[in-house]
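Here is how the chains run, residue by residue.
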There are 2 protein chains.
Amino acid sequence: MSAPSKISSKASDLPGISQIEAAAGRIAGVAVQTPLLESPLLNRRLGGRIFIKPEMLQRTGSFKFRGAYNRISQLSADERRRGVVAFSSGNHAQGVAHAAELLGVPAVIVMPKDAPAIKVANTRSYGAEVVLYDREKEDREAIGRAIAEERGSILVPPYDDPHIIAGQGTVGLEIAQQMQSLGLVPDQVATGASGGGLIAGVSTAIKAYFAGCRVYVAEPEGFTDHGLSLARGERTANPAPARSFCDALLAPMPGEITFAINSRTLAGAVSATDLEVEEAIRVCFSDLKLVAEPGGAVALAAALNGTLDCRERISVLILSGGNVDPELFRDILDRRA
Amino acid sequence: MSAPSKISSKASDLPGISQIEAAAGRIAGVAVQTPLLESPLLNRRLGGRIFIKPEMLQRTGSFKFRGAYNRISQLSADERRRGVVAFSSGNHAQGVAHAAELLGVPAVIVMPKDAPAIKVANTRSYGAEVVLYDREKEDREAIGRAIAEERGSILVPPYDDPHIIAGQGTVGLEIAQQMQSLGLVPDQVATGASGGGLIAGVSTAIKAYFAGCRVYVAEPEGFTDHGLSLARGERTANPAPARSFCDALLAPMPGEITFAINSRTLAGAVSATDLEVEEAIRVCFSDLKLVAEPGGAVALAAALNGTLDCRERISVLILSGGNVDPELFRDILDRRA
């Protein structure tokens, strides 16, 4: 869960398409404009036209770079000097570390000790100072806040922040523009969600271009807090202690700002088990030649298990990241091979 | 080695930038315009700016679709009715099969029995009839030619054909345009070669935009026929029986037309061992989130082993394909993991 935001979630404060367009201007020439890929093999599997937005090809291996760069690039000279601090299971960590590095801003990242080794190593390689904590016993927000207070540095929250949401929304803006240039109107768009920043930005952009397009949140079984929240009309935590290997999607409940957006924009929720996510990772490997991490493949897993019906529809599936350790990836290939 | 071409290799007959631009028009909206990816991790490893052209993201998982579509889309109605035939270890097979499928043309593909299973299965899934042969005992050209004569179908050669070369050249045209839009001038471009169709087209396009850019052919150790041919100034076969797991790059010597081009456009040759190619595949996995097949990773392997010096230079490396069996990929990850 993110730090409580000082920003209220009145509709007038929520980032809209103009904030997303401004973010696109800030990240232009720095972030990768990821392609929209269509695979004939995947179309055949699913009986519709499937377009993949491969955000593992983004700098740092996930979409998180977009929001981090949009946020940090707007800091004042004084704020930049004091540096930034972030807490993250890994992808936000790398996004903040690399965006800070490019902008010449010192960064401290608070990460769980059990985060994938590749995420910790990469975060350090972008020049950030990494502080590890115990996920079971320590409070990452308290650690992050203490560092921020001690050094006067700026906390860059993982999702519940209008600038972060606007930055992630550039994924949706690119999808909308890419579909337009193909002369197509998407019937549905799906992506995973942890705190909901990506899907809040994406759904805002998609709805601005294609008002009738349905946007679905895809969640790992046991972490269906967005689906529950949509059904109840209020922010609701995951029901009971659960486990999933989708390490990027384990936030306990939607953010305040993100839910204020998503409760208006989303058409519903779909989900997949870890075994189904593994199969989606194998399909990414064989049909798309892309390395997906578990949390990055949930939307495709929901398409493959049929909870997201893609038959005779035009669907866009966001693959949000690819930071997976080689040992796990090898084991996933092994379970079929 | 390709079928002997009836087309002479006089300079006036060689495909130039205008043929490549025409090919780009034919494949527009059908082929994927693959992105140009820059990885900060890879830049740091190699001490320069590295741009990756990921052709594993192309339809059918390799660049081969471009040339095949450019060739088959120019057949007459009568020729289309009679169908096409091709012989290939796998990537050209899939490219021809899928291009033919999209254009409503029947296709027969002659493939070696020991081709990677994924390449055979995918070729069939695109609707082609697959005829398997024994690489040690049978002559694929004779088999292909017999089928062509019997059915009156059109042979689509893998590389020694101006339309194939022009189609593959669209990879270079895209690189040139993408570098221009970044405001950059590449110092060097490298890609693997089997018969040399891709690099002939790429070097033609690159030289048309950036006359001073050096284009290098990257080859697996033991299959350095392009390097030998460049050094001697004439088409020269691989020296002795050798083995490499780069199944896409095992042609015995350069093509006639391709060598007529490459002998004028290339700056030199670089090479890598199979073990170095394995390391390049792991770097693709970790730094780029891309699935590369052995033959697709040789240019990166030559950059990593230092034979292609990338320090303080702007380099473009083409990763030409990603059709690798999961068992092999798992083993490659395993050898480090």
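Structure: see above.
Residues numbered from 1 in each chain as written. Chains lettered and ligands numbered in written order. Predicted model: local features only at pLDDT ≥ 70, side-chain atom pairs only at ≥ 80, totals over all residues. Heavy atoms only, no water.

Student: Looking at this model, I keep getting lost on the sheet that holds strand 2 (residues 49–54) of chain B. Mind explaining?
Tutor: Within a sheet, each strand pairs with its neighbour through backbone hydrogen bonds, oriented either parallel or antiparallel. Residue and element names in this part refer to chain B. Ordered in space as 1-2-10-7-8-9, the six strands form an open sheet in which the pairing is mixed. Looking along the sheet, the strands with just one partner apiece sit at the ends: strand 1 (37–38) and strand 9 (268–272). Relative to strand 10 (residues 314–319), strand 2 is paired through six bridges, and the arrangement is parallel. For lysine 53, the partnering residue across the bridge sits in strand 10 and is isoleucine 318. Relative to the sheet, helix 10 (residues 225–232) contacts strand 8 (214–220) and strand 9, its axis offset from that of strand 8 by approximately 130 degrees. (Pairing = 2+ DSSP bridges. Helix = DSSP H or I, 4+ residues; strand = E, 2+ residues; numbered from the N terminus. Contact = heavy atoms within 4.5 Å. Axes fitted to C-alpha atoms, helices over the stretch in contact; angles between N-to-C directions.)

Student: When you look at the packing of aromatic side chains in this model, what are you seeing that I'm missing?
Tutor: Where two aromatic rings form a pair, the distance of their centres and the angle of their planes describe that pair. Residues and elements named next belong to chain B. Inspection of the entire model under this criterion finds nine aromatic pairs over all chains. Plain terms: the ring middles of phenylalanine 65 and tyrosine 69 are 5.6 Å apart, the flat faces sit at 40 degrees to each other, and that makes the pair tilted. Here tyrosine 69 and phenylalanine 65 lie together in helix 3 (residues 64–72), a separation of four residues that amounts to about one turn. The residues phenylalanine 65 and tyrosine 69 share a single accessibility class, namely buried. (Phe/Tyr/Trp six-rings, centres within 6.5 Å; stacked < 30°, edge-to-face > 60°. Buried < 20%, exposed > 50% of the residue type's maximum accessible area, 1.4 Å probe, protein only.)

Student: Would you take a moment to explain unusual backbone geometry for this structure?
Tutor: Backbone phi values are negative for most residues with the exception of glycine, while trans is the configuration of most peptide bonds. All names here are of chain A. Not every positive phi belongs to a glycine, and glutamate 312 is a case in point at roughly 55 degrees. As for its placement among the helices and strands, glutamate 312 is situated in the loop between helix 13 (298–304) and strand 10 (314–319). Residue glutamate 312 is classed as exposed on the basis of its relative accessible area, which comes to 78%.

Student: Explain the pattern of salt bridges to me, please; I cannot follow it from the model alone.
Tutor: If charged atoms from side chains of opposite charge come close, those side chains can pair. Tallied over the entire structure, the rule returns 42 salt bridges over all chains. Put simply, A:Glu174 and A:Arg66 hold a salt bridge, and the shortest N to O gap is 2.9 Å. Of the two residues, A:Glu174 sits in helix 8 (residues 162–181) while A:Arg66 sits in helix 3 (residues 64–72), which places them 108 residues apart along the sequence. Looking at A:Glu174, the relative accessible area reads 9%, which means it is buried. Between A:Asp334 and B:Arg330 there is a salt bridge whose closest N-O contact spans 2.5 Å. Pair noted here: A:Asp334 is in helix 14 (residues 326–336) and B:Arg330 is in helix 14 (residues 326–336), and the two residues belong to different chains. Judged by its relative accessible area of 17%, B:Arg330 falls in the buried class. Linked by salt bridges that have partners in common, A:Lys53, A:Glu55, A:Arg66 and A:Glu174 make up one network. (Salt bridge = Lys/Arg side-chain N within 4 Å of Asp/Glu carboxyl O.)

Bear in mind that shape data such as this cannot, by itself, settle questions of function.
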